[in-house]
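Observations on the three-dimensional arrangement
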Amino acid sequence: MLSRKTKLTMMKIISMFSVVRGYNIPVVVLAQYLSAIYIFAPNKRALNVVLDGVLFLIVLASSLTIASGYIINNFYDSNKDLINRPTKSMLDRLVSQKTKLQVYFTLNFIVALLACFISFRAVCFFSAYIFLIWLYSHKLKRKVIIGNLTAALLAVLPFFAILLYYKNFYPEIMAHASFLGILILMREIIKDLENIQGDLANNYQTLPVKYGEKTAHSILTGLTIFTLVPLYFLIEVYDVGYMDLYFYSAALGLIGFSLFVSRSRVKKDYLTLHLILKFLIVTGVFSIVLINPKVLVHGRSLLPF
């Protein structure tokens, strides 16, 4: 039998895992490595990319920065989350606010240290990234539209760290980033619709709070239509291999999403829409391998000779 102290320690570890959303970070890590292999450095051998020590440090620093971002966001949103996510909030509160701040500063210190081993440019990038996350959590997320745009930018910034490292800018990279950015922006608006009660109680000036749910629905529909622009380039103009199958499927999924938005009225509906967008984003990560399936099927690009 586990002692009471051991059980409490385990619960606190689970609580911290919940705070940093540890289930999301491996997806970001996978997305960074796959994008490095297939998009940012397509002319390099995959094995060389995977074993690149500097890339590993960039991915590690990105992961720790994201984890610290979730902590500071949780710190500032504690009162709002009691209304919007009472069950998760009670689990998160097993770790004190003081401990959360200590872990937050420790992670940021480690990120700064890792960045010093990478380059001066990395130090500047991660310093700006950490500051922007804090500014978003403390101020910007309470502001209408600005908060959503900042959240979308923060979500794609880890991929710009990879771009800065390889210094390879292809036009298709912008198309990929645009499509992903629009999906994330839509997800942020859906989250605002989900959390409208907590936002109202804590004076968060989000889009649905300030302009109403109907306006938020109209903007979501407009953004869904706007995804057709990067989708056209990714399917018809740029060579994305078999990944165009994903983009065709995503287009169909977004049509269904748009139809469901107009009929959504309660939190359960918005949760379903949130899950649809999350599914599209995560599926998009795994679908990157479709750009050149031979890397996984035959392993040719993995061979060091």
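A quick note: this is a predicted structure, and the numbers were derived from the prediction, not measured. (Residues numbered from 1 in each chain as written. Predicted model: local features only at pLDDT ≥ 70, side-chain atom pairs only at ≥ 80, totals over all residues. Heavy atoms only, no water.)

Considering the overall build of the protein
Of the regular secondary structure elements, the protein holds 17 helices and 0 strands. Relative to the globule expectation of 19 Å for 305 residues, the C-alpha radius of gyration of the protein, 20 Å, shows essentially globular dimensions. In the protein, once contacts between residues fewer than 6 apart in sequence are set aside, the share between residues at least 24 apart is 77%. Averaging the locations of the 30 positively and 14 negatively charged side chains of the protein gives two centres separated by 10 Å. (Helix = DSSP H or I, 4+ residues; strand = E, 2+ residues; numbered from the N terminus. Rg over C-alpha atoms; globule rule 2.2 N^0.38 Å. Contact = heavy atoms within 4.5 Å. Lys, Arg positive; Asp, Glu negative; His and termini not counted. Charge placed at Lys NZ, Arg CZ, Asp CG, Glu CD.)

Thoughts on the packing of helix H7 (residues 97–118) against helix H8 (residues 120–138)
For the pair H7 and H8, interaxial distance at closest approach is 8 Å and the crossing angle is 160 degrees. Between H7 and H8, the angle falls in the class roughly antiparallel. In the packing of H7 onto H8, the handedness of the crossing is right-handed. Residues Tyr104, Asn108, Val111, Ala115, Cys116 and Ile118 of H7 touch H8, and the partners they reach there are Ala122, Val123, Phe126, Ile130 and Trp134. (Axes fitted to C-alpha atoms, helices over the stretch in contact; angles between N-to-C directions. Parallel < 35°, antiparallel > 145°, perpendicular 65-115°, else oblique. Left-handed = near helix turned anticlockwise from the far one by under 90°.)

Description of a nonpolar patch on the surface
On the surface, a cluster of nonpolar side chains totalling about 470 Å² of accessible area is made up of Phe226, Val229, Tyr232, Phe233 and Val237. In terms of residues, the nonpolar patch owes the most to one element, helix H14 (residues 228–237), which gives 4 residues. Along the polypeptide, Val229 turns up in helix H14. Val229 gets classed as partly exposed once you look at its relative accessible area, which sits at 42%. (Patch = residues over 30% accessible without salt bridge, like charges linked within 9 Å, V, L, I, M, F, W, Y side chains within 5 Å. Areas by Shrake-Rupley, 256 points an atom, 1.4 Å probe, with all protein chains shown as cover. Salt bridge = Lys/Arg side-chain N within 4 Å of Asp/Glu carboxyl O. Buried < 20%, exposed > 50% of the residue type's maximum accessible area, 1.4 Å probe, protein only.)

Regarding unusual backbone geometry
Positive phi is not limited to glycine here, since Ile145 has a value of about 65 degrees. Examined against the element boundaries, Ile145 turns out to sit in the loop between H8 and helix H9 (146–166). Ile145 sits in the partly exposed class, given a relative accessible area of 41%. Its identity as a non-glycine residue notwithstanding, Asn203 has a phi of 60 degrees, on the positive side. Its location among the elements puts Asn203 in the loop between helix H11 (196–201) and helix H12 (207–211). Looking at Asn203, the relative accessible area reads 54%, which means it is exposed.

Description of the packing of helix H10 (residues 171–194) against H14
As a packed pair, H10 and H14 sit with axes 9 Å apart at the nearest point and diverge in direction by 140 degrees. If you check the angle between H10 and H14, you find them oblique. Pair H10 / H14 crosses with left-handed handedness. For the pair H10 and H14, the contacting residues are Glu172, Ala175, His176, Ser178, Phe179 and Ile182 in the first and Pro230, Leu231 and Leu234 in the second. Within the contact of H10 with H14, the residues separate by chemical class into 6 nonpolar, 2 polar and 1 charged. (Nonpolar A, V, L, I, M, F, W, Y, C, P; charged D, E, K, R; others polar.)

A closer look at the nonpolar core
Counting residues in hydrophobic clusters, the biggest one holds 87 residues, and the most contacted among them are Tyr38, Phe126, Phe179, Leu183, Met186 and Phe247. Looking at this core element by element, the count peaks at 11 residues for H10. (Core = buried A, V, L, I, M, F, W, Y, C linked by side-chain atoms within 4.5 Å.)

Thoughts on the packing of aromatic side chains
Under the counting rule described, the total for this entry stands at 10 aromatic pairs. One aromatic cluster in this structure is built from Phe125, Phe126 and Tyr129. (Phe/Tyr/Trp six-rings, centres within 6.5 Å; stacked < 30°, edge-to-face > 60°.)

Topic: the pattern of salt bridges
Counting across every chain of the model gives 5 salt bridges. Salt-bridge contacts for Asp199 lead to Lys80; the nearest nitrogen and oxygen are separated by 3.2 Å. Within this pair, whereas Asp199 is found in helix H11, its partner Lys80 is found in helix H5 (residues 78–84), the two being separated by 119 residues in sequence. Exposure class is identical for Asp199 and Lys80. Each is buried. A salt bridge links Arg187 to Glu188; the nearest nitrogen and oxygen atoms lie 3.6 Å apart.

Description of the confidence of the model for the protein
Of all residues in the protein, 96% have pLDDT values of 70 or greater, and the mean over the chain is 88. Across the protein, element-level confidence peaks in H8 with a mean pLDDT of 95 and bottoms out in helix H17 (residues 294–297) with 65. (pLDDT = per-residue confidence, 0-100.)

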